[in-house]
Amino acid sequence: PDLRPSAARPNAYSEAAGLEASHRFIFGSQSNPVSEPLLKKTARFEFNYKPENQAGKWSLKDRKANREILVTAPFLLDSGEFAKVDDFGIVEKVVDDKTGRVYFILAGFGDRATKACGYYFEKHWEELLDKYGDGPFQLVLKVPGNLSFDYVEAIEPEKLQPTY
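Overview of the structure. Quantities reported herein were computed from a predicted structural model and do not represent experimental measurements.

### What about the side chain of glutamate 92?
Here glutamate 92 lies in strand β5 (residues 87-95). An unpaired buried charge is present at glutamate 92: no salt bridge exists, and arginine 44, the closest side chain of opposite charge, is 6.6 Å distant. A polar side-chain atom of glutamate 92 sits 2.7 Å from the main-chain amide nitrogen of arginine 44. Other than its neighbours up to four places away in sequence, glutamate 92 contacts Ala43, Arg44, Phe45, Tyr103, Phe104, Ile105, Phe137 and Gln138.

Written out as structure tokens, the structure is:
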């Protein structure tokens, strides 16, 4: 089979062809009603759009390391201001123990980080496969302010510097 990301087809195509998809890609955080429950139940990371005692902030919490990144909620900034601040996202592979189904979650606070997650995955999927094989993995991606989504820094969760 062709494993390149460019060969991926929408799930509806697989179902129409009578194929059961073993891998699913979930894009977006708050904007995607599918990703939000998955992130809350099975994933290592949790996006929170109303963190306690942090009005006007959004957070990305690493449940395992108990670390958290706080950013100003993107909707409070105009597009020019938002382009100047760091944006963060995640690339996470979740393997369902019961079904064996694999979920790739690519999600960011803003569209710049979500695009960066897709870009990073497309450019580095072979390295990720070599490093993690069939197992799960988690990465935090940082898109520094004033830079395009194609300039992205991957941070191992254990090296994440909390901002709280």
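### Brief notes about unusual backbone geometry
At asparagine 53, a residue that is not glycine, the phi angle is positive and equals roughly 60°. Checked against the element boundaries, asparagine 53 lands in the loop between β2 (45-48) and β3 (57-62). Residue asparagine 53 is classed as exposed on the basis of its relative accessible area of 72%. One non-glycine residue with positive phi stands out, namely asparagine 146, at about 70°. Note on placement: asparagine 146 falls in the loop between β7 (137-143) and β8 (153-155). On the basis of relative accessibility, which here comes to 58%, the residue asparagine 146 falls in the exposed class.

### A short note on the pairing of β2
On β2, burial follows the alternation: Phe45 and Phe47 on one face are buried, whereas Glu46 and Asn48 on the facing-out side are not. Sheet analysis places β2 next to β3, joined by 4 bridges and oriented antiparallel. Counted as the bridge partner of phenylalanine 47 is leucine 60 from β3.

### So, the environment of leucine 106
For leucine 106, the position within the fold is in strand β6 (residues 102-108). For leucine 106, a relative accessible area of 1% translates into the label buried. A sequence separation of 35 residues divides leucine 106 from leucine 141, and the C-alpha atoms of the two residues are 10.0 Å apart. Not counting residues within four places of it along the chain, the set of residues in contact with leucine 106 comprises Phe25, Ile26, Phe27, Gly28, Ile90, Val91, Thr114, Cys117, Gly118 and Phe121.

### Observations concerning the sheet that holds β5
Within the open sheet, the 5 strands sit side by side as β1-β6-β5-β7-β8. Their pairing is mixed. In this open sheet, the two edge strands, each paired with only one partner strand, are β1 (23-27) and β8. On average, each strand axis in the sheet is inclined to that of its neighbour by 20°, with strand direction left out of account. Sheet analysis places β5 next to β7, joined by 7 bridges and oriented antiparallel. Directly across from isoleucine 90, in β7, lies its bridge partner valine 140.

### What to know about the packing of aromatic side chains
Tallied over the full model, the rule gives 11 aromatic pairs. Ring centres of tyrosine 49 and tryptophan 58 lie 4.8 Å apart, and the angle between their planes is 80°; this geometry places the pair in the edge-to-face category. For the pair shown, tyrosine 49 and tryptophan 58 are each scored as buried. Through a chain of ring-to-ring contacts, the aromatic side chains of Phe25, Phe27, Phe104, Phe121, Tyr132 and Phe137 assemble into a single cluster. Positioned above the aromatic ring of phenylalanine 82, the side-chain terminus of arginine 112 is 5.2 Å from the ring centre.

### Considering empty space enclosed by the protein
For the structure shown, the criterion picks out 1 cavity of 30 Å³ or more. One number sums up the size of the largest cavity: a volume of about 40 Å³. Lining the largest cavity, in full, are Val71, Thr72, Pro74, Phe82, Val85, Asp86, Asp87, Phe88 and Phe109. Of all the secondary structure elements, the ones that give two or more residues to the lining of the largest cavity are β4 (67-72) and β5. In terms of residue class, the lining of the largest cavity is built from 6 nonpolar, 1 polar and 2 charged.

Thresholds, definitions, all that
Every chain is numbered on its own, with residues counted from 1 as its sequence reads. Per-residue local features are limited, in this predicted model, to residues with pLDDT of at least 70; the limit for side-chain atom pairs, both in listing and counting, is 80 or more; totals at the level of whole chains, interfaces and linings are taken over all residues. Computation of side-chain values covers all heavy atoms of the structure but excludes hydrogens and water. Counting from the N terminus, the helices are DSSP H or I runs at least four residues long and the strands are E runs at least two residues long. When a residue's accessible area, from a 1.4 Å probe over protein chains only, is under 20% of the maximum for its type it is buried; when over 50% it is exposed; and in between it is partly exposed. By the counting scheme adopted, Arg and Lys are positive, Glu and Asp are negative, and His together with the chain ends is not counted. In the sections that follow, a salt bridge refers to a side-chain nitrogen of Lys or Arg positioned within 4 Å of a carboxyl oxygen of Asp or Glu. Each polar contact in these results corresponds to two N or O atoms within 3.5 Å; when the atoms are within protein, one needs to be able to donate a hydrogen and the other to accept it, and residues that are neighboring in sequence are counted only if both atoms are side-chain atoms. The criterion used for residue contact is that any of the two residues' heavy atoms lie within 4.5 Å. Should DSSP find at least two bridges between two strands, the strands are regarded as paired. In this analysis, axes come from line fits to C-alpha atoms, helices being fitted only over the stretch in contact, and the angle between any two N-to-C directions falls in the range 0 to 180 degrees. Stacked, tilted and edge-to-face are the three classes assigned to paired rings of Phe, Tyr and Trp, where Trp is represented by its six-membered ring and a pair needs centres within 6.5 Å; plane angles under 30 degrees give stacked, over 60 edge-to-face, the rest tilted. We count a charge as sitting over a ring when the NZ of a lysine or the CZ of an arginine lies within 6 Å of the ring centre and within 35 degrees of the ring normal. Buriedness for pockets is judged along seven lines, at least five of which must meet protein on both sides within 12 Å for an open set on the 1 Å grid over protein atoms alone, while cavities are sets there where a 1.4 Å probe fits but cannot get out, and lining residues have an atom within 4 Å of a point. Grid points are joined across faces, edges and corners, and a volume is the space filled by probe spheres set on the points. Three residue categories are used. Nonpolar comprises Ala, Val, Leu, Ile, Met, Phe, Trp, Tyr, Cys and Pro, charged comprises Asp, Glu, Lys and Arg, and polar comprises the others, including Gly.

So yeah, pure geometry; function would need other evidence.
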